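The residues making up each chain are set out below.
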Amino acid sequence: MNQEEVKEAVLTEDELIYEQNQTELEEMLASGKITKRDYILHADEDLHNGYLDWCEDNGISDNDESAERYWNEIVEAGEDFSDSMSEEEYSEENAPEDDGKTKGAEALYADWNLNQTDKVREMAHSHDAAVVTCWRYGNPISKDKNECSNATGLDKETVEKWWNVADYIYGANGCQPVTPIDDKVETMQSIINQFAKIK
């Protein structure tokens, strides 16, 4: 698949997924259906990136407790950087140094390409990997692998094996959202095949 064909298969508009989901996520947060961490990671790209940078700067792990602290110290205090500078200014001001990009999805992407090359090659042509990833794209907040197994009919071991493919794709795309044009497994397989490249 060449670059033009990939452009037809995916949309990479940075804010699309966030704009579509933000209102729904706000309602879910208010009703207690999701945690503040879920909201931070999925509602707004600047908030998401700011939180991960904050975790790294403070030497703490990404978890619910950290998200709660970030919410109290940054979000509710009105110190969210997205209000004080444009997206372009933020990108320039906060762009990480070229240090191998060792955090989050980029770290997973690098690790798989370096240490799990057989898995990446298998993933490129795995129907099961595409099925699991389709489910995760359709359920972006869920961490329930049992639910995924029940919904897809795949055994838990298979779900576990391919659970992080969605994160691999995110890391492979420079931590920019990749939005499929539809929810077909074949479309997801094409996306995975495009990004599953051993460097």
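What counts as what
Sequence order as written defines residue numbering, which begins from 1 separately in each chain. Local features in this predicted model are restricted to residues whose pLDDT is 70 or higher, and side-chain atom pairs enter the listing and the counts only when it is 80 or higher, whereas totals over whole chains, interfaces and linings include all residues. Excluded from the side-chain calculation are hydrogens and water; included are all heavy atoms of the structure. Strands are runs of DSSP state E lasting at least 2 residues, helices are runs of H or I lasting at least 4, and numbering of each runs from the N terminus. Each residue's exposure class comes from its accessible area (1.4 Å probe, protein chains only) as a fraction of the maximum for that residue type: buried when under 20%, exposed when over 50%, partly exposed otherwise. Residue contacts follow a heavy-atom distance rule, with two residues in contact if any of their heavy atoms lie within 4.5 Å. Exposure was quantified through the Shrake-Rupley algorithm and a 1.4 Å probe, taking into account, for residues, occlusion by the shown protein chains and nothing else. What we call a nonpolar core is a set of buried Ala, Val, Leu, Ile, Met, Phe, Trp, Tyr and Cys residues that are connected through their side-chain atoms within 4.5 Å. Should a side-chain nitrogen of Lys or Arg be within 4 Å of a carboxyl oxygen of Asp or Glu, the pair is scored as a salt bridge. Stacked, tilted and edge-to-face pairs are distinguished by plane angle, under 30 degrees for stacked and over 60 for edge-to-face with tilted covering the rest, among Phe, Tyr and Trp rings (Trp via its six-membered ring) whose centres lie within 6.5 Å. Every axis in this analysis is a line fitted to C-alpha atoms, fitted for helices over the stretch in contact. Angles between the N-to-C directions lie between 0 and 180 degrees. The scheme is simple: roughly parallel for angles under 35 degrees, roughly antiparallel for over 145, roughly perpendicular for 65 to 115, oblique for anything else. Whether a crossing is left-handed or right-handed is set by the direction in which the near helix is turned from the far one by less than a right angle, anticlockwise for left-handed and clockwise for right-handed. Residues are grouped as follows: Ala, Val, Leu, Ile, Met, Phe, Trp, Tyr, Cys and Pro are nonpolar; Asp, Glu, Lys and Arg are charged; every other residue, Gly included, is polar. Nitrogen and oxygen atoms within 3.5 Å of one another constitute a polar contact, given that in protein one can donate a hydrogen and the other can accept it, and given that sequence-neighbouring residues count only through two side-chain atoms. Only four residue types enter the charge count, namely Lys and Arg as positive and Asp and Glu as negative; His and the chain termini do not.

Tell me what's going on with the overall build of the chain, and back it up with residues and numbers.
For the chain, the count of helices and strands is 13 helices and two strands. Across the 199 residues of the chain, 38% fall into the buried class. Residue pairs in contact within the chain that sit at least 24 positions apart in sequence constitute 65% of those at least 6 positions apart. A total accessible area of about 11500 Å² is found for the chain, and carbon and sulfur atoms account for 44% of it.

Which residues make up unusual backbone geometry, and what are the values?
With phi around 60°, cysteine 175 is a residue other than glycine that occupies positive phi space. Along the chain, cysteine 175 falls in the loop between helix 12 (165–172) and strand 2 (179–180). Residue classification places cysteine 175 among the buried positions, given a relative accessible area of 17%.

Lay out the nonpolar core with the relevant residues and their values.
When a protein is soluble and globular, its nonpolar side chains tend to lie buried together. If you look at the biggest cluster of nonpolar residues, it comprises 26 residues, and the most contacted ones within it are Met123, Val165 and Ile169. Those elements that place two or more of their residues in this core are helix 7 (104–115), helix 8 (117–123), helix 9 (127–138), helix 11 (156–162), helix 12 and helix 13 (185–195). Sort the elements by how many residues they give to this core and helix 9 lands first, with six residues. The contact partners of isoleucine 169, leaving out residues within four places of it in the chain, are Thr133, Tyr137, Val178, Met188, Ile191, Ile192 and Phe195. Membership of the second largest hydrophobic core comes to 14 residues, among which are Leu25, Ala43, Ala67 and Trp71.

Describe the pattern of salt bridges, and please don't skip the residues or the numbers.
For the structure shown, the criterion picks out six salt bridges. For aspartate 62, the salt bridge identified is with arginine 37, shortest N-O distance 2.7 Å. Note that aspartate 62 is positioned in the loop between helix 4 (45–58) and helix 5 (64–75) and arginine 37 in helix 3 (residues 36–43), a separation of 25 residues in sequence.

Describe the packing of aromatic side chains, and please don't skip the residues or the numbers.
The tally for this structure, following the rule as stated, stands at seven aromatic pairs. Each residue in the set Tyr51, Trp54 and Tyr70 is aromatic and connected to the rest through ring pairs, giving one cluster.

Tell me what's going on with the packing of helix 12 against helix 13, and back it up with residues and numbers.
Viewed as axis vectors pointing N to C, helix 12 and helix 13 meet at an angle of 55°, and their least axial separation amounts to 10 Å. Put simply, helix 12 runs oblique to helix 13. For the pair helix 12 and helix 13, the crossing hand works out as left-handed. When helix 12 is examined against helix 13, the residues Val165, Tyr168, Ile169 and Ala172 are found in contact with a partner set consisting of Met188, Ile191, Ile192 and Phe195. In the contact of helix 12 with helix 13, the residues fall into eight nonpolar, no polar and no charged.

Outline helix 10 (residues 145–152), supporting the account with residue identities and numerical values.
Of the residues flanking the start of helix 10, the one acting as N-cap is aspartate 144, its side-chain oxygen 3.0 Å from the backbone nitrogen of asparagine 146. With its phi angle positive at about 80°, glycine 153 sits one or two positions after the end of helix 10.

Explain the side chain of lysine 119 residue by residue, including any values.
Relative to the assigned elements, lysine 119 resides in helix 8. One buried charged residue, lysine 119, remains without a salt bridge, the closest side chain of opposite sign being glutamate 160 at 7.8 Å. In this structure lysine 119 touches Trp112, Lys161 and Trp162, once residues within four positions along its chain are discounted.

If you had to explain the environment of leucine 52 to someone new, which residues and values would you point to?
Mapping leucine 52 onto the fold places it in helix 4. For the pair leucine 52 and serine 66, spaced 14 residues apart in sequence, the C-alpha separation works out to 10.0 Å.

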